[in-house]
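Examining the three-dimensional arrangement
Spelled out from the first residue to the last, the chains are:
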Amino acid sequence: MTQLIETSKIKASNSTQPRLQCRSPPPLLLLLLLQSFFLISYLYIYTDYYVFFNHPKMANFNPIIPHPFSPFFIFILSLIFTSITMSTPTPSPTCSNSGPVVRKTPLITFLEILQQTALNTLGPKNFDPKLYVDLSLKSDLSITQNAFDNLPRTPNGSVSVTDFNGFIQSYFNGAGEDLVYTEPVDFVPEPEGFLPEVVNREVRAWALEVHSLWKNLSRKVSDRVLDRPEFHTLLPLAKPVMIPGSRFREVYYWDSYWVIRGLLASKMYETAKGIVTNLISLIDEFGHVLNGARAYYTNRSQPPLLSAMVYDIYNRTGDIDFARKSLPALLKEHKFWNSEIHSVIIHDAEGCNRTVSRYYAMWNKPRPESSTIDIETASKLMNDSAKQHLYRELASTAESGWDFSTRWMRNGSDLTTLATTSIIPVDLNAFILKMELDIAFLANVTGDCTISVHFQEAAQARKQAMNSVFWNAEMGQWLDYWLSNGTTCKGHTWEASNQNRNIFASNFVPLWIELFNSDCTLVGQVMQSLRRSGLIRAVGIATSLTNSGQQWDFPNGWAPLQHMIVEGLARSRSKEARSMAEDIAVRWIRTNYVAYKKSGAMHEKYDVEKCGEFGGGGEYIPQTGFGWSNGVVLAFLEDRGHCCEVDQNQLCRLQEIRCNA
Ligand SMILES: OC[C@H]1O[C@H](O[C@H]2O[C@H](CO)[C@@H](O)[C@H](O)[C@H]2O)[C@H](O)[C@@H](O)[C@@H]1O
């Protein structure tokens, strides 16, 4: 018997959606009425036809065969109708294909025009559209616009390179100039207790170099932004930030988790807490953590890992005040990810309604930082509504952090077939499950028992949802779930064929969550599946098996994906899983090291087929710096030293780091 279980009867109820775990049974009276109606219809029609049977013309009429007037057929129809009525899930509140769109500032609108003019004037070679939306004004927008309108133009409207460059020089400060270098308050060249397991001199020297990169990436928002916020797309933040590096001149949401993991290894607790304080201030102002701290990123978030940041910092520092202060923001963020646009109800195979979340940007225009690219992509589409739909898909994919990948495309070679808002992603739901567990834990340690119990229940419900919507026992993986074509405005009834059986690293991300990695049998299954998946390559885990030219596909490997899978395996009690974790971590460290020695830099992504090579593809050139890569190397080295197990010859495995593993 299905039941309505509402878990929202406690104090924190206004911070979360009520969770309907199982479908509500239709009122008994209504069912009885329906059945009686069909029974009476059946008897009436049957009796009526019985008269006809005696008629010579009706001699061949069979009441059983599916003739449209057959009484048996009508009775079967009545059963089908009744069962459909019973099984239709509560319509999902996420019923809008259009959805919200946040306001764009006049500065962004102008900078997008500037970006297009720059492309027309300077040409596509080495062109990075983001540069133009990162410029800041020297004087009022109206003055700047006026000067722009008065630039000499040829009959076809183009501006000369000299005039364009002169205009940029006169009216703008350079991209990134509104963030100033600042030495982190807690940086010391070799912190006490730094990576105690790393004893090999060569590896240790490199780890200290990676540690010193925090100084290169540390920034503080210039006072100029506070004085004239309308001159900048950069958003003011109170505390210093760590940027990913290169074109990513501002703080990014999910990158910050691995930056923080590295900072904890570097013993830079104040800097780590400051990053969280900044992200919380974004929740206070916008209701969610932005993709990045820019006015053009307000329309979306990124994979939600704020609770994981708070949890790890609290566990390392024991700062209960920090945990207590963070909690209200986490509750607000949980609400955002369970809001109308992000939340979807799936009616599963056991007759239960499962509430899950998806990515959904509040935007239906070109992404300002890639406006020229998005306009070009959308030019293949015929009408405005199709274009708006594509723009929302592009921005929603950016919200996923996996921009771009065949994971979100109906046709892997055509970006216009992006369908991110119709996909329920495994990793997003794993992150929200972690958020629920973290909130339950933090509420418990800060003494709010009611919230803690509520979120334990929420976590249990999400775990069940993950099992029934995503888990595929035959494959030993969690698979993204595609909402059927054209059903995004109705409830969704789960169908096995809607699980995406293509292999992505994200299919293994739930392993990172304790609720899963503590289950030895499950870990065994997932580990076998990972081993057979084809994802584990010479120097790390590939993002997918498809070489599409998109950056979140083969042969690229990304630091966050290595880290979550390695940490999940390493935390399990299975010796085999731990040794697999060790093996992958060593491969990853090796390629990071060799690439660093070759190029003098840490990279945003790596080619997992070739040791010492960075990755490519996508819409911008490969970037260096790089926040999350540094963080993951330091976290790997901190966790168990990885590379420093001494072998028979008393030599560290990475003493001579080569690529011939
Ligand atoms: O400018 C294009 C896109 O750039 C960002 O995405 C990529 O870099 C981020 C920073 O390292 C990273 O968080 C993300 O996973 C990468 O795909 C940005 O986040 C996108 O919104 C933006 O459109």
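Predicted, not measured: the structure shown is a model, and the values here were computed from it.

1. Details of unusual backbone geometry
Excluding glycine, residues mostly have negative phi values, and the peptide bonds linking residues are mostly trans. Looking along the chain, the bond that leaves Asp403 and enters Phe404 is cis, with omega of 5 degrees. Of note, Phe404 is situated in the loop between helix 14 (384-399) and strand 8 (423-424). You will see that Leu195, though not glycine, has its phi angle at about 35 degrees, which is positive. As for its position among the elements, Leu195 is in the loop between strand 3 (179-181) and helix 7 (201-217). Its identity is not glycine, yet Lys267 carries a phi of approximately 60 degrees, on the positive side. Residue position: Lys267 is located in the loop between helix 9 (255-265) and helix 10 (269-286). Judged by relative accessible area, which is 25%, Lys267 ranks as partly exposed.

2. Focus on the pairing of strand 6 (residues 343-347)
The buried fraction of strand 6 amounts to 5 of the 5 residues, a majority that puts the element mostly inside the structure. With burial as the criterion, each face of strand 6 is covered, one bearing Ser343, Ile345 and His347 and the other bearing Val344 and Ile346. Relative to strand 7 (residues 353-357), strand 6 is paired through 5 bridges, and the arrangement is antiparallel. Each residue of the ladder has a partner; that of His347, found in strand 7, is Asn353. Taking the residues that link successive antiparallel strands as the turn, the strand 6-strand 7 hairpin has 5 residues, and the phi of Gly351 there is positive, at about 85 degrees. Taken together, the 2 bridges between strand 6 and strand 12 (residues 492-493) define a ladder with parallel strand orientation. When the sheet's bridge partners are listed, Ile346 is paired in strand 12 with His492.

3. Things to note about the site of the ligand
The ligand sits among 22 residues. The nearest are Asp255, Asn291, Glu369, Gly401 and Asp403. The separation between an oxygen atom of the ligand and a polar side-chain atom of Asp403 is 2.3 Å. One of the side-chain nitrogen or oxygen atoms of Trp552 is found 3.2 Å away from an oxygen atom of the ligand. In the complex, 100% of the free accessible area of the ligand, which totals 470 Å², lies under the protein chains.

4. Topic: the side chain of Lys130
Topologically, Lys130 is positioned in helix 4 (residues 130-133). The class for Lys130 is buried, based on a relative accessible area of 0%. Of note is the side chain of Lys130, whose polar atom sits 2.6 Å from the side chain of Asp134. If near-sequence neighbours (up to four positions away) are discounted, Lys130 is found in contact with Gln115, Arg247, Phe248, Arg249, Glu250, Tyr252, Tyr296, Tyr297 and Glu369.

Cut-offs applied
Residues numbered from 1 in each chain as written. Predicted model: local features only at pLDDT ≥ 70, side-chain atom pairs only at ≥ 80, totals over all residues. Heavy atoms only, no water. Helix = DSSP H or I, 4+ residues; strand = E, 2+ residues; numbered from the N terminus. Buried < 20%, exposed > 50% of the residue type's maximum accessible area, 1.4 Å probe, protein only. Pairing = 2+ DSSP bridges. Near = heavy atom within 4 Å. Polar contact = N/O pair within 3.5 Å; in protein donor to acceptor, adjacent residues only side chain to side chain. Areas by Shrake-Rupley, 256 points an atom, 1.4 Å probe, with all protein chains shown as cover. Contact = heavy atoms within 4.5 Å.

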